[in-house]
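Structural overview for review
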Amino acid sequence: NKTITMRYTEEDTLINGDATASRTAYGGITTVIGNEFSGLRKLITQSSNLAGAAIDIPSVRTMVRTARTANDSTTLGQGNPNLIVTDFTTFDAMKGLMMDYQRFVDKSRLLEFGIQSFSFDGLDVIPSKFMPTTATQREMLALSTETLQMRVLQDITYEELAKTNDSYKFMLKLYEAMICTVPEFNAKIINIA
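Description of the structure in this document. (Residues numbered from 1 in each chain as written. Predicted model: local features only at pLDDT ≥ 70, side-chain atom pairs only at ≥ 80, totals over all residues. Heavy atoms only, no water.)

Helices and strands together make up the secondary structure of the protein, namely four helices and 10 strands. Ordered by position in the sequence, the α and β elements of the protein form the string α-α-β-α-β-β-β-α-β-β-β-β-β-β. Buried positions account for 36% of the 193 residues belonging to the protein. If you take every contact in the protein between residues at least 6 apart in sequence, the share linking residues at least 24 apart comes to 72%. For the protein, the exposed surface amounts to about 11,500 Å²; the carbon and sulfur share of it is 52%. (Helix = DSSP H or I, 4+ residues; strand = E, 2+ residues; numbered from the N terminus. Buried < 20%, exposed > 50% of the residue type's maximum accessible area, 1.4 Å probe, protein only. Contact = heavy atoms within 4.5 Å. Areas by Shrake-Rupley, 256 points an atom, 1.4 Å probe, with all protein chains shown as cover.)

This is the structure:
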């Protein structure tokens, strides 16, 4: 259970990490996040603001195009987003927008209804429970994953603590950092209704 909690805290930090502020870790479980690295929401600066409007297909296309056409003079490259991350409400809203375009190809599964997973313009779309869920604060991220690197200094390690009563105390520790080599190759939509 503690390892699962650690992985949830890691995902939360990847998305919401803020090296300049303190946060409560996942689930309120006592977790020390020392010198937290900045997460994707903080690192990605290219954004379009929906100003409280609902998500729509043209806005998502604009976000993806912004990431694809960003240039970096030092690497002489362009963004190549291959993943979209958002919250479950926006994920469901996107599925609703795409329902008109759904086609059943596998006739053995005709009784099933709905979209289990989908991609948008070739980008896989996944939800995360750690994206903001409050209306007008929701976000959608278009990520060029080749620009993201997890630097693991020490993977999750079990360490027993001093025995001071009739129980075994322990801690799990992990030392890692995420860096984004070219933040301009990623984009986001903010303030989604």
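With that out of the way, let us pick up the nonpolar core. If you look at soluble globular proteins, the nonpolar side chains tend to sit buried side by side. The biggest cluster of nonpolar side chains holds 20 residues, and the ones touching the most others in it are Val60, Met63, Ile84 and Met140. Sorting the residues of this core by element identifies α3 (57-69), α4 (88-98), β5 (118-120), β6 (123-127), β7 (138-143) and β10 (187-192) as the ones contributing at least two each. Considering each element in turn, this core owes the most residues, five residues, to α3. If sequence neighbours within four positions are ignored, Val60 has contacts with Ile55, Ile84, Met94, Phe120, Met140 and Ile189. (Core = buried A, V, L, I, M, F, W, Y, C linked by side-chain atoms within 4.5 Å.)

Attention now goes to α3. An ideal rise of 1.5 Å per residue puts 18 Å on 13 residues; α3 measures up with 18 Å between its terminal C-alpha atoms. Contacts made by the buried residues of α3 are with β4 (83-86), α4, β5, β6, β7 and β10. (Expected span 1.5 Å × (residues − 1).)

With that out of the way, let us pick up the pattern of salt bridges. Side chains that carry opposite charge are capable of pairing whenever their charged atoms lie near each other. Under the criterion given, the structure shown has eight salt bridges. Arg7 is paired through a salt bridge with Asp155; the nearest N and O atoms lie 3.5 Å apart. Linking Arg7 in helix α1 (residues 2-16) with Asp155 in strand β8 (residues 148-160), this pair joins segments that are 148 residues apart in sequence. Note on Arg7: relative accessible area 36%, which makes it partly exposed. Judged by its relative accessible area of 43%, Asp155 falls in the partly exposed class. Residue Arg61 is joined to Asp121 by a salt bridge in which the shortest nitrogen-to-oxygen separation is 3.4 Å. A residue pair is termed long-range when its members are at least 10 positions apart, and Arg61 in helix α3 and Asp121 in the loop between β5 and β6 qualify at 60 residues. Within this structure, Arg7, Glu10 and Asp155 form a network of salt bridges that share partners. (Salt bridge = Lys/Arg side-chain N within 4 Å of Asp/Glu carboxyl O.)

So, on to the packing of aromatic side chains. For the structure on display, the rule yields three aromatic pairs. Seen from the ring of Tyr8, Lys129 lies directly overhead, with NZ or CZ sitting 4.3 Å from the centre. Over the aromatic face of Tyr168 sits the side chain of Lys163, whose NZ or CZ is 4.2 Å from the ring centroid. (Phe/Tyr/Trp six-rings, centres within 6.5 Å; stacked < 30°, edge-to-face > 60°. Lys NZ or Arg CZ within 6 Å of the ring centre and 35° of its normal.)

Once that is clear, we can look at the side chain of Glu176. Here Glu176 is to be found in strand β9 (residues 170-180). Of the side chains bearing the opposite charge, Arg7 lies closest to the buried Glu176, which forms no salt bridge; the N-O distance is 5.1 Å. What Glu176 contacts, discounting residues up to four positions off in sequence, is Glu10, Phe37, Met150, Arg151, Val152 and Leu153. (Lys, Arg positive; Asp, Glu negative; His and termini not counted.)

Whenever strands of a sheet pair, they do so through backbone hydrogen bonds, lying parallel or antiparallel. Taken in spatial order, the six strands line up as β1-β10-β7-β4-β6-β5 in an open sheet, and their pairing is mixed. In this open sheet, the two strands that pair with only one neighbour each are β1 (47-49) and β5. Pairwise comparison of adjacent strand axes, ignoring direction, gives a mean angle of 25° for this sheet. Note: β1 against β10, three bridges, orientation parallel. Looking at the pairing, Ser48 lines up with Ile189 of β10. Sheet strands touched by α3: β4, β5, β6, β7 and β10. Its angle to β10, the strand with the most contacts, is close to 150°. Lying over the sheet, α4 contacts β4, β5, β6, β7 and β10, oriented at roughly 80° with respect to β5. (Pairing = 2+ DSSP bridges. Axes fitted to C-alpha atoms, helices over the stretch in contact; angles between N-to-C directions.)

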